[in-house]
Amino acid sequence: MLNMAEGLARLKELAAHPVVATVARAFADAGRDLAIVGGPVRDALLGRTTHDFDFTTDARPDEILALIKPVSSVQWDVGRAFGTIGARVKGEQVEITTYRADSYDGVTRKPTVEFGDTLEADLTRRDFTVNAMALRVPARTLVDPTGGVEDLIAGRLRTPIDPAVSFGDDPLRMLRAARFSSQLDFTVDGVTFDAIAELRASLGIVSPERVQAELVRLLQTDDPVRGIRVLVETGLIEEFLPEVPALRLEIDEHHHHKDVYEHSLTVLRQAIALEKIRHPDAVPDVPLRLAALLHDIGKPATRRLEPGGGVTFHHHDVKGARLARKRLQALRFDAATTTVVTRLIELHLRFFGYAEGAWTDAAVRRYVRDAGAELERLHILTRADVTTRNKRKAQRLASAYDDIEARISALREQEEIDSIRPELDGNRIQEVLGLKPGREVGEAYRFLLDLRLDEGVVGEDEAEKRLREWWAARG
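Residue positions are counted from 1 within each chain, in the order its sequence is given. Restriction of local features to residues with pLDDT of at least 70 applies here, the model being predicted, together with a cutoff of 80 or more for giving and counting side-chain atom pairs; totals for whole chains, interfaces and linings are based on all residues. Note that water and hydrogens are dropped before the side-chain values are worked out from all heavy atoms of the structure.

## Notes on the overall build of the chain
Alright, step 1. Counting its regular elements, the chain contains 23 helices and 11 strands.
Alright, step 2. The C-alpha atoms of the chain give a radius of gyration of 29 Å, which is well past the 23 Å a tight globule of 475 residues would have.
Alright, step 3. With the C-alpha coordinates aligned to their principal axes, the bounding extent of the chain is approximately 90 × 60 × 45 Å.
Alright, step 4. Burial here depends on accessible area, computed with a 1.4 Å probe over protein chains only, as a share of the maximum for the residue type. Under 20% is buried, over 50% is exposed, and the range in between is partly exposed. When each of the 475 residues of the chain is scored for burial, the buried share is 48%.
Alright, step 5. Contacts are assigned to residue pairs that have any heavy atoms within 4.5 Å of one another. Across the chain, contacts joining residues at least 24 apart in sequence account for 66% of those joining residues at least 6 apart.
Alright, step 6. Averaging the positions of the 67 positive and the 77 negative side-chain charges in the chain gives two centres separated by 1 Å. Only DSSP runs of H or I with at least four residues qualify as helices, and only runs of E with at least two residues qualify as strands; both kinds are numbered from the N terminus onward. As a reference, a globule follows 2.2 Å times the number of residues to the power 0.38, and the radius of gyration itself is taken over C-alpha atoms. For the charge count, each Lys or Arg is scored as positive and each Asp or Glu as negative, with His and the chain ends excluded. Charged groups are reduced to one reference atom each: NZ for lysine, CZ for arginine, CG for aspartic acid, CD for glutamic acid.

The structure is reproduced here in structure tokens:
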């Protein structure tokens, strides 16, 4: 909750920051207006840490560049066409933008760039009222023409103007509503919410790369679930990730199974909690979080209602991995992220076989081999996938996973399990069997790999003996 007295004190601290004070003095000496704007003002009022220094001014780009050069170590003007000049001041990155009064054609997201004359007009064109506040510097005057402070106090997201106009200008703002809902733990205003539901199809003019970037930012928040609910309840997610709302399977009164949608959101939350416990200083693990959200998306297509009231989802791991790959590629995720997510989805059920009965060492080795570099993520996802309310069952599964992790650690010490390879390489296989490079060498290599996985280290002499026996048996 916003404490106004404390918030105003933090605004004064923001204005006194050496970077802000340096830039403010340079513009004031030239007779130009300058205000720090948007996120830094919002976060200062909320007591949140900010590292952004975004300014707006009545100066035009050429003058901004001239004024910032003497107080900065480097400058860049790649955003000059949009009125933005960047610079590094006292080691910090700043961006200074001329007041804007853009217009949109409603067909693309590309605005007709028009420079404005007043700070108040510039603020009303921003996405949400809580981002449409500014602090004039060096005067330290808060400017809030659209009621951003009141919305901060209420924990509410609302557009500065009619949301139909705001979202019509830039449909990506609808996705930002979900992201800020999670990031700030705010509720989307009713009129704004209804506008998203009505205008959701207009997201089609936004590039997949931009949609992906906002989805990633949402998943990087401490609790993405709130924003995902906004996306699902407005229907906006249907435009780019329809597999998630499809998890809300109709529950037949005679066939009982858990709510797959709610289960998936719980898994996501539990995965994030485990991620923070196991890697407290790491950046948010987006591939893991995507896998947690999407791990059961194969269930709607594989659901079968069985006689007697049972429900099965055979091979939903394989189906889900295929659906995830297709969707992530459509959203232009990079190949590495796509591969990690699909691999985790493919493997997320593997552990539950272990819980039913202790695995042999060979099974544990194969589990590690198949997970490869994603073993730690698979540990987290599999533990997070336990959402049963049956405490005895939950404890049994947790104990089983403790056991498998202990087995993996022991085998690591004994056998270098993370780098399992046959004891003879391809060159040695050719020498022993008198082969030239080709398919048969690959088959022999796989035979030796299976031997290594099944029996552990047998030694080179024994591996060579077994290889000759296998070759002879082939005729």
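## Comments concerning the packing of helix α9 (residues 190–199) against helix α11 (residues 225–234)
Two measures define how a pair of helices packs: the angle their axes make with one another and the distance between the axes.
Alright, step 1. Note on geometry: axes are lines fitted to C-alpha atoms, helical ones only across the stretch in contact, with angles between N-to-C directions running from 0 to 180 degrees. Running from N to C, α9 and α11 cross one another at 55°; their axes reach a closest spacing of 8 Å. With respect to α11, the element α9 is oriented oblique. Where α9 abuts α11, its residues Phe 193, Ile 196 and Ala 197 lie against Val 230, Glu 233 and Thr 234.
Alright, step 2. In this count, Pro and Cys sit with the nonpolar residues alongside Ala, Val, Leu, Ile, Met, Phe, Trp and Tyr, while Asp, Glu, Lys and Arg are called charged and the others, Gly among them, polar. The residue inventory of the contact of α9 with α11, partitioned by class, reads four nonpolar, one polar and one charged. Every angle not falling under 35 degrees, over 145, or within 65 to 115 is termed oblique; those three ranges are roughly parallel, roughly antiparallel and roughly perpendicular.

## Topic: α11
Alright, step 1. Counting buried positions over the 10 residues of α11 gives seven, a clear majority of the element.
Alright, step 2. Burial in α11 covers these residues: Val 225, Gly 227, Ile 228, Val 230, Leu 231, Val 232 and Thr 234.
Alright, step 3. Where α11 is buried, its residues meet α8 (172–184), β9 (187–188), α9, α10 (208–219), α12 (260–278) and α13 (286–294).

## Let's talk about the pattern of salt bridges
When the charged atoms of two side chains lie near each other, side chains of opposite charge can form a pair.
Alright, step 1. The term salt bridge refers to a pairing of a side-chain nitrogen on Lys or Arg with a carboxyl oxygen on Asp or Glu at a separation within 4 Å. Applying the stated criterion to the full structure yields 43 salt bridges.
Alright, step 2. Between Glu 239 and Arg 200 there is a salt bridge, with its nearest N and O atoms 3.2 Å apart. Linking Glu 239 in the loop between α11 and α12 with Arg 200 in the loop between α9 and α10, this pair joins segments that are 39 residues apart in sequence.
Alright, step 3. The exposure class of Glu 239 is partly exposed, given its relative accessible area of 35%.
Alright, step 4. Note that Glu 374 is salt-bridged to Arg 377, the shortest N-O span being 2.8 Å.
Alright, step 5. What makes Arg 377 partly exposed here is its relative accessible area of 23%.
Alright, step 6. Overlapping salt bridges bring together Asp 170, Arg 176, Arg 179, Glu 214 and Arg 217 as one network.

## Quick word on the packing of aromatic side chains
Alright, step 1. Pairing of aromatic rings covers Phe, Tyr and Trp, the last counted by its six-membered ring, and requires centre-to-centre distances within 6.5 Å; plane angles under 30 degrees mean stacked, over 60 mean edge-to-face, and any other angle means tilted. Scanning the model with the defined rule gives four aromatic pairs in all.
Alright, step 2. Between the aromatic rings of Trp 470 and Trp 471, the centroid separation amounts to 6.1 Å while the plane-to-plane angle is 45°, which identifies the pairing as tilted.
Alright, step 3. Against the face of Tyr 261 rests Arg 248, its NZ or CZ located 6.0 Å from the ring centre. Distance and angle both matter: a charge sits over a ring if NZ of Lys or CZ of Arg is within 6 Å of the ring centre and within 35 degrees of the ring normal.

## So, the side chain of Arg 42
Alright, step 1. Structurally, Arg 42 is set in helix α3 (residues 39–46).
Alright, step 2. In this structure Arg 42 touches Val 130, Asn 131, Met 133, Leu 152, Phe 180, Gln 183 and Leu 184, once residues within four positions along its chain are discounted.

## Observations regarding the sheet that holds strand β4 (residues 84–89)
Alright, step 1. Any two strands between which DSSP finds at least two bridges are classified as paired. Spatial strand order, β3-β4-β5-β2-β1-β6-β7: seven strands in an open sheet with mixed pairing. Sheet topology places β3 (74–76) and β7 (141–143) at the edges, where each strand pairs with a single neighbour. Adjacent strand axes in the sheet meet at a mean angle of 30° when their direction is disregarded.
Alright, step 2. When β3 meets β4, the two strands line up antiparallel, connected through three bridges. Its bridge partner lying in β4, Trp 76 is registered against Gly 86.
Alright, step 3. Its contacts with the sheet place helix α4 (residues 61–68) against β2 (54–57), β3, β4 and β5 (92–98), and it is angled at close to 10° to β4.

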